[in-house]
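Breakdown of the fold
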Amino acid sequence: MTDQLQDKIRGVIFGNAIGDAIGLGTEFMPKDMVTARYPEGLTEYGQIVQDGHRRRWKPGEWTDDTNQMLCILNSLIIHKRVDVLDIANEIWKWAHSDGRGIGRTVYGAIASSLFKENPLEVARKNWERSQKKSAANGGIMRTAIVGVWDYKNSVNIKYNAEQVCKITHYDPRCVGSCVMVCLIISALLQEQTSNNSLLQYVLSEGDNYDIRIRQYLDKHLQPDIACLELYEPSSIGYTLKALSAGLWALQYANSFEIGISSIIHEGGDADTNGAVAGAILGAKFGYNALPSHWKDGLIKKDWLLNKTNLLIDLIS
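We now turn to the structure provided with this report. (Residues numbered from 1 in each chain as written. Predicted model: local features only at pLDDT ≥ 70, side-chain atom pairs only at ≥ 80, totals over all residues. Heavy atoms only, no water.)

1. What about the overall build of the protein chain?
The number of helices and strands found in the protein chain is 15 helices and zero strands. By the compact-globule yardstick of 20 Å for 316 residues, the protein chain fits well, its C-alpha radius of gyration being 18 Å. Dimensions along the principal axes, computed over C-alpha positions, put the protein chain at roughly 50 × 45 × 40 Å. The burial tally for the protein chain puts 59% of its 316 residues in the buried class. Taking as baseline every contact in the protein chain between residues at least 6 positions apart, the subset at least 24 positions apart corresponds to 75%. Per element, the accessible surface of the protein chain, about 12,300 Å² overall, is 49% carbon and sulfur. Counting 33 positive and 36 negative side-chain charges, the protein chain places the centres of these two groups 5 Å from one another. (Helix = DSSP H or I, 4+ residues; strand = E, 2+ residues; numbered from the N terminus. Rg over C-alpha atoms; globule rule 2.2 N^0.38 Å. Buried < 20%, exposed > 50% of the residue type's maximum accessible area, 1.4 Å probe, protein only. Contact = heavy atoms within 4.5 Å. Areas by Shrake-Rupley, 256 points an atom, 1.4 Å probe, with all protein chains shown as cover. Lys, Arg positive; Asp, Glu negative; His and termini not counted. Charge placed at Lys NZ, Arg CZ, Asp CG, Glu CD.)

2. Thoughts on the packing of aromatic side chains
All chains considered together, the criterion is met by six aromatic pairs. Note on Phe14 and Tyr287: the rings are 5.0 Å apart at their centroids and 75 degrees apart in plane angle, and the pair reads as edge-to-face. Within this pair, whereas Phe14 is found in helix 1 (residues 3–23), its partner Tyr287 is found in the loop between helix 13 (270–285) and helix 14 (292–296), the two being separated by 273 residues in sequence. You'll find Phe14 and Tyr287 in the same group, each marked buried. Both rings, one in Tyr216 and one in Tyr238, keep their centres 5.4 Å apart while their planes meet at 90 degrees; by these two values the pair is edge-to-face. Pair noted here: Tyr216 is in helix 10 (residues 211–220) and Tyr238 is in the loop between helix 10 and helix 11 (239–252), with a separation of 22 residues, a long-range link. With relative accessibility at 12%, the residue Tyr216 sits in the buried group. Above the face of the Trp92 ring, Lys116 is positioned so that its terminal group lies 3.8 Å from the ring centre. When the ring centre of Tyr287 is taken as reference, the NZ or CZ atom of Lys295 above it lies at 4.1 Å. (Phe/Tyr/Trp six-rings, centres within 6.5 Å; stacked < 30°, edge-to-face > 60°. Lys NZ or Arg CZ within 6 Å of the ring centre and 35° of its normal.)

3. Some words on the side chain of Ser186
The residue Ser186 is located in helix 8 (residues 172–189) in this model. Residues in contact with Ser186, not counting those within four places in the same chain, are Gly147, Tyr151 and Ile157.

4. Points about the nonpolar core
Counting residues in each nonpolar core, the largest one holds 102 residues, and the members touching the most others are Ile145, Ile167, Ile185, Leu243 and Leu247. The element contributing the most residues to this core is helix 8, with 13 residues. (Core = buried A, V, L, I, M, F, W, Y, C linked by side-chain atoms within 4.5 Å.)

5. Remarks on the pattern of salt bridges
Pairing is possible between side chains of opposite charge, provided their charged atoms come close. Counted by the stated rule, this structure contains 16 salt bridges. For Glu266, the salt bridge identified is with Lys31, shortest N-O distance 3.0 Å. Linking Glu266 in the loop between helix 12 (256–264) and helix 13 with Lys31 in helix 2 (residues 31–37), this pair joins segments that are 235 residues apart in sequence. Accessibility expressed as a relative area gives 5% for Glu266, which makes it buried. The salt bridge involving Glu90 is made with Lys93; its shortest N-O contact spans 3.4 Å. Of the two residues, Glu90 and Lys93 both sit in helix 4 (residues 84–97), three residues apart, roughly one turn of that helix. Overall, Lys93 belongs to the partly exposed group, its relative accessible area being 40%. One salt-bridge network, held together by shared partners, links Glu121, Arg124, Lys125 and Glu128. (Salt bridge = Lys/Arg side-chain N within 4 Å of Asp/Glu carboxyl O.)

6. Thoughts on the environment of Asn254
On the secondary structure map, Asn254 appears in the loop between helix 11 and helix 12. With relative accessibility at 67%, the residue Asn254 sits in the exposed group.

Structure below.
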């Protein structure tokens with residue numbers, strides 16, 4: 001494995017964690033509140049306001065988005081394959097030992113006594129009970145790591161992303177979102193870096209899951225990030241909103257820091273939007289291009305680097 005490929009894999013994992021950890025600072029805030037709380041901009045973990053929501057995490061600590069990604073990573077390292085039942089068990093263990101920030105859809109899945117035996121069936125029934133309207137972002141926030149595993153095989157990536165998403169999120173918009181992000185990661189790791197052709201490729205893949213994906217992106221994916229309406233209250237946790245943030249970063253961000261800063265200052269579900277965009281930008285620019293103050297400020301930086309290196313050794 002080349003040094004450049006290793007750098008990009010580290011970029012995916014650390015990009016996810018950084019986008020999550022700095023995005024916490026504006027999570028659930030409307031845009032005007034972001035401006036009021038951070039009049040000079042949010043650039044350091046230490047600036048994050050310690051209100052009732054945010055004080056549950058220390059500055060530089062990632063949240064449930066990255067913790068669930070690490071559930072997948074841990075399972076990959078142990079089993080050397082995508083094992084859906086084991087990943088479900090890892091998520092269950094995390095939820096019962098920590099669980100800070102857990103979303104409604106994930107909580108509804110793990111609350112079932114059948115979750116560890118048949119998580120996909122539990123997720124399907126929960127989705128049907130929602131009248132097939134539940135399309136939250138709790139799947140897309142954790143799944144980028146699947147684009148790293150077996151990164152040369154798009155067929156396996158799509159299948160694995162589908163299965164890992166459906167552990168808790170069964171809606172085809174969720175599944176399509178996860179597949180699209182993982183295919184982007186795979187392409188970037190392989191140096192397929194023409195942004196426009198890559199966007200068209202994943203949009204065509206998204207059509208196979210739900211036509212609403214393209215319809216949403218056609219309306220919202222514009223150069224002006226305000227068009228994403230990331231802070232819009234009625235759809236703050238929508239999977240396609242997080243996807244649009246990641247695709248916006250791929251298309252328009254000239255650096256990791258510019259991309260993540262632009263996204264988190266829009267407010268909304270900023271840690272999830274930051275995690276998704278961070279994984280994509282990490283794959284695009286690589287670990288060495290990530291801002292040192294954000295890498296070094298992560299509370300568990302060395303631990304995360306060790307985990308990442310274990311994965312790289314497996315893939316090599």
